[in-house]
Amino acid sequence: MKRQLWIGILVAGILLGLWTTFKVYTAGFTVYAKTDVLVWTLPLSTYIFLSLTSAGLAFVSSIPVVFGIKRYEAIEKRTVYLEIAVLLGSFVCLILHLGAPLKVVYILLSPNPSSPLWWLAVLYMVYFVLLVAAFWRIHTGKMSRALGTLVFLIAIFTSTTLGWLLGMTDARPSLNASFFSFYFPLTGFASGLAALILFCILDEELSGQERSEGHTVLYNEAARLMGITAGMVLVLFLWRTISGGISSTAIEYGAFRHMIGSIPYNIEFWLGLVVPTVLMLIPSIRATAWGKLTASALLLVGMFAGRLEFVLSGVVRPLGQMAEGRPEIVSYIPTVYEVLVALFGLSVMLLIYTLGERYLKLEAVPE
Amino acid sequence: MPRYAMVIDLQRCVGCGSCSISCRNENNVSEGIYWSHKITETSGTFPNVRYHYIPTLCNHCTNAPCAQGCPTNAMHKLDNGITMHDPKKCIGCRYCMINCPYGVIYFNWKDAHPSWRGNKAVIQGATSSPAEEVRKVGGNGTPYYNPERDETLPGIRPKGVVEKCTFCDHRLKRDKLPSCVESCPADARIFGDLDDPQSQVNQLLGKFRPFRLKEALGTEPAVFYIRDFSAAGYPRTKGGI
């Protein structure tokens, strides 16, 4: 009954998403909080959040095959499947961000290798195919070492190419910092770990399974790793704030300085980084299921807000003639349709995962 | 092959906006989109204040970050230096808008010319509705539709793609100057070939001290500005403390 209710909620989310899709392509993109200044908003930030989480999950699923730590094989199948589900959810948000998604075929027909976006598109296509192949291998037998290594490498390339993509924007230094090619994979790893812990523990709690000792040790280790990673992200985040937001005098950083006082920034900083780091530093809390659940859920909420803060810090300050007749900083509140796009992506991801959980024996360990 | 550039003489520019109006008519530019626009700068402290116009358009940068970042080559450079856009290949990612430092690329958030799509007459039985008006005069999207724009670019751009100034490439093919240049009553816009040392563009660039917008970014814009206008005078002074 609980499962049916859950699936019903997700189907409702998907139906609302389909209705949003219909509105977007009939009424136009005016259903979003459109201005010529705010060209990238919640649908794109949700895509970034999900795609980096998928890359982070790929780092975790690669641990047994790339780094030879065999105890992670216990969660390998679930991790790879979750990667696929999260990636498909991100594609939903990306499609609804694009103005003309049916023309993506021109990425193949008219390639531009000087574009980081072209590389990202190609890498994601390869990544998706490899993930499906990897899951099929695990489902039918044993994970291939070569396939696992390829998934690991592509996950590095996708997350770092995103840093190049934004690093190219010389006119928007809030997006353009050379360390983003490091920051993105690291934050992706943090959110990947958080997603994995959340889904694994929730599955066990909701299904009433008794947790094996092996799993308990594994989750404790993953939680410790998540705490360390969140702490590292926190340090980088603070330096980004200091160098770009406080000590820089460049007017182009005005957008980021504005975002420092914003709600997404503070959610990211306090809820997404400070609290999970502190929680996971305290051994007694780290050892509990609720402690891990709370920390991982908060970290994911913080990362979600952080991706929005990041995207907005690049666009809220109008450039050139776009500034004519506009305030120095343009305010942004997502529309209902933008929220529904984000929910659409999350619903697709959760439904795919739920169906996999039901029919694909995700708890199985490869031979 | 010429390498096109434009010089805008800020002393001659009277700020009348005819460049923007002729651009809209020539290129069927929809409401809310500005292929030709301006930046208004205010200087001084009240009561000693004045404002300046800087007319703006696509800078057709030699190192165009919009074209470099476009994943499908929808935004691309032509041999004559024009940064051209092909809506058929545009996926609507808006990465060019993020990359452009000058804010001259626009996205079609909705179908073009929405005010001409209405079916409601202002006075029922007496006036035509906007859509009827378009039908009556055989227009396409607007009553003043220019079919010549179709020669190199869809005359009306669909929603979901970006668009921007093309230096009126369709007119250049017929040896005509861009519409904004031709319509300027003060001859403040001078168009020509940078590769021709004798072109009027080069003569002006050699005579005055030109500047370009955001030169430090290294985009190498093909739109240059010369001189400035101020009718103000002031008595000779060394200031005071």
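Residues numbered from 1 in each chain as written. Chains lettered and ligands numbered in written order. Predicted model: local features only at pLDDT ≥ 70, side-chain atom pairs only at ≥ 80, totals over all residues. Heavy atoms only, no water.

Enquirer: Describe the overall build of chain A, with residues and values.
Expert: Along chain A, the regular secondary structure elements total 14 helices and zero strands. Reading the secondary structure of chain A in the N-to-C direction produces α-α-α-α-α-α-α-α-α-α-α-α-α-α. For chain A, the C-alpha radius of gyration of 20 Å lies close to 21 Å, the compact-globule estimate for 367 residues. Considering only C-alpha atoms, chain A reaches an extent of 65 × 45 × 40 Å along its principal axes. Looking at chain A as a whole, 59% of its 367 residues qualify as buried. Restricting to contacts in chain A with at least 6 residues of sequence separation, those with at least 24 account for 80%. Element-wise, carbon and sulfur atoms account for 72% of the exposed surface of chain A, whose accessible area totals about 14,900 Å². (Helix = DSSP H or I, 4+ residues; strand = E, 2+ residues; numbered from the N terminus. Rg over C-alpha atoms; globule rule 2.2 N^0.38 Å. Buried < 20%, exposed > 50% of the residue type's maximum accessible area, 1.4 Å probe, protein only. Contact = heavy atoms within 4.5 Å. Areas by Shrake-Rupley, 256 points an atom, 1.4 Å probe, with all protein chains shown as cover.)

Enquirer: How would you sum up the overall build of chain B? Please name residues and give values.
Expert: Across its full length, chain B carries seven helices and nine strands. Seen through its principal axes, chain B has C-alpha atoms that stretch 70 × 45 × 35 Å. Taking all 241 residues of chain B together, 50% fall into the buried category. For chain B, the share of sequence-separated contacts (at least 6 apart) that also reach a separation of at least 24 residues comes to 60%. Just so you have it, chain B exposes about 11,900 Å², and 52% of that area is on carbon and sulfur atoms.

Enquirer: Outline the pattern of salt bridges, listing residues and values.
Expert: As enumerated under the stated definition, the model contains 19 salt bridges over all chains in all. Its salt-bridge partner being arginine 71 of chain A, residue glutamate 221 of chain A comes within 2.8 Å of it at the nearest N-O pair. Here glutamate 221 of chain A, found in helix H9 (residues 213–246), pairs with arginine 71 of chain A, found in the loop between helix H3 (63–66) and helix H4 (76–97); they are 150 residues apart in sequence, far enough to count as distant. The exposure class assigned to glutamate 221 of chain A is partly exposed, which follows from its relative accessible area of 25%. When its relative accessible area of 45% is taken as the criterion, arginine 71 of chain A is described as partly exposed. Where arginine 171 of chain B meets glutamate 26 of chain B, a salt bridge forms, and the shortest distance between an N and an O atom there is 3.4 Å. Of this pair, arginine 171 of chain B sits in helix H5 (residues 169–172) while glutamate 26 of chain B sits in helix H1 (residues 18–27), and the two are 145 residues apart along the sequence. Accessibility expressed as a relative area gives 6% for arginine 171 of chain B, which makes it buried. Residue classification places glutamate 26 of chain B among the buried positions, given a relative accessible area of 10%. (Salt bridge = Lys/Arg side-chain N within 4 Å of Asp/Glu carboxyl O.)

Enquirer: Which residues make up the nonpolar core, and what are the values?
Expert: When a protein is soluble and globular, its nonpolar side chains tend to lie buried together. If you look at the biggest cluster of nonpolar residues, it comprises 172 residues, and the most contacted ones within it are Trp40 and Tyr127 of chain A together with Met6, Ile105 and Phe167 of chain B. Top contributing element to this core by residue count: helix H8 (residues 180–207) of chain A, with 15 residues. Formed by 10 residues, the second largest nonpolar core is a distinct cluster that contains Ala5, Leu194, Leu205 and Ile226 of chain B. (Core = buried A, V, L, I, M, F, W, Y, C linked by side-chain atoms within 4.5 Å.)

Enquirer: So what's going on with the side chain of threonine 72 of chain B? Residues and values would help.
Expert: Relative to the assigned elements, threonine 72 of chain B resides in the loop between helix H2 (65–69) and strand S4 (75–77). Overall, the relative accessible area of 1% leaves threonine 72 of chain B in the buried class. A polar contact of 2.9 Å, which involves the side chain of threonine 72 of chain B, links it to the backbone oxygen of lysine 89 of chain B. Residues contacting threonine 72 of chain B, with those up to four places away along its chain left out, are Tyr106, Ile107 and Ser110 of chain A together with Lys89 and Ile91 of chain B. (Polar contact = N/O pair within 3.5 Å; in protein donor to acceptor, adjacent residues only side chain to side chain.)

Enquirer: Summarise the sheet that holds strand S9 (residues 223–226) of chain B; cite the residues concerned and give the values.
Expert: Residues and elements named next belong to chain B. Across the sheet, which stays open at both edges, the three strands sit in the order S8-S1-S9 with mixed pairing between neighbours. Single-partner strands in this sheet number two, and they are strand S8 (189–193) and S9. Between one strand axis and the next, the sheet turns by 25 degrees as a mean value, whatever way the strands run. Pairing between strand S1 (residues 4–9) and S8: five bridges, direction antiparallel. What sits directly across from alanine 5, in S8, is glycine 192. Lying on the sheet, helix H7 (residues 200–207) is in contact with S1, S8 and S9; it crosses S8 at an angle near 115 degrees. (Pairing = 2+ DSSP bridges. Axes fitted to C-alpha atoms, helices over the stretch in contact; angles between N-to-C directions.)

Enquirer: An account of the interface of chain B and chain A is needed here, citing residue identities and associated values.
Expert: Contacts between the two partners involve 43 residues from chain B and, on the opposite side, 44 residues from chain A. Surface buried jointly by chain B and chain A totals about 3,500 Å² across both partners, of which 56% is contributed by carbon and sulfur atoms. Our count for the contact surface shared by chain B and chain A stands at one salt bridge. Of the charged contacts, one joins lysine 38 of chain B and glutamate 324 of chain A as a salt bridge, the two residues approaching to 3.2 Å between their closest N and O atoms. Linking chain B with chain A are 32 residue pairs in polar contact (both at pLDDT 80 or more), by the criterion used here. (Buried area = accessible area lost by both parts, 1.4 Å probe.)

Enquirer: How would you explain the packing of aromatic side chains if you had to name every residue and give the values?
Expert: All names here are of chain A. Throughout the structure, instances matching the rule amount to 32 aromatic pairs over all chains. Seen in terms of ring centroids, tyrosine 81 and phenylalanine 135 are 5.1 Å apart; in terms of plane orientation they differ by 50 degrees. Their pairing is tilted. In this pair, tyrosine 81 sits in helix H4 while phenylalanine 135 sits in helix H6 (residues 116–140), placing the two residues 54 residues apart along the sequence. Taking 6.4 Å as the distance between ring centres and 20 degrees as the angle between the ring planes, the aromatic pair formed by tyrosine 265 and phenylalanine 269 counts as stacked. Placement of both tyrosine 265 and phenylalanine 269 in helix H11 (residues 263–281) is noted, with a separation of four residues, approximately one turn of the helix. (Phe/Tyr/Trp six-rings, centres within 6.5 Å; stacked < 30°, edge-to-face > 60°.)

Enquirer: Which residues make up the pairing of S1 of chain B, and what values do they have?
Expert: If a strand is regular, its side chains alternate between the two faces of the sheet. Residues and elements named next belong to chain B. By the criterion of burial, S1 is predominantly enclosed, with six of the six residues buried. With burial as the criterion, each face of S1 is covered, one bearing Tyr4, Met6 and Ile8 and the other bearing Ala5, Val7 and Asp9. In this structure, S1 lies alongside S9, joined through four bridges in parallel fashion. Across the sheet, aspartate 9 pairs through a bridge with isoleucine 226, a residue of S9.

Enquirer: Summarise a nonpolar patch on the surface; cite the residues concerned and give the values.
Expert: A contiguous nonpolar patch, built from Val235, Leu238, Trp239, Ile242 and Ile246 of chain A and spanning about 490 Å² of accessible area, is present on the exposed surface. Residue position: leucine 238 of chain A is located in helix H9. (Patch = residues over 30% accessible without salt bridge, like charges linked within 9 Å, V, L, I, M, F, W, Y side chains within 5 Å.)

Enquirer: So, H8 of chain A: which residues are in play, and what are the values?
Expert: Residue and element names in this part refer to chain A. Taking 1.5 Å per residue, 28 residues should reach 40 Å; H8 reaches 39 Å between its end C-alpha atoms and fits that length. Counting buried positions over the 28 residues of H8 gives 22, a clear majority of the element. Glycine 208, located one to two residues past H8, shows a positive phi value of around 75 degrees. (Expected span 1.5 Å × (residues − 1).)

Enquirer: Go over the packing of H11 of chain A against helix H13 (residues 289–315) of chain A with me, naming the residues and quoting the values.
Expert: Residue and element names in this part refer to chain A. Two numbers describe how H11 lies on H13: the axes approach to 7 Å, and their chain directions differ by 155 degrees. Compared by their axis directions, H11 and H13 come out roughly antiparallel. For the pair H11 and H13, the sense of crossing is left-handed. (Parallel < 35°, antiparallel > 145°, perpendicular 65-115°, else oblique. Left-handed = near helix turned anticlockwise from the far one by under 90°.)

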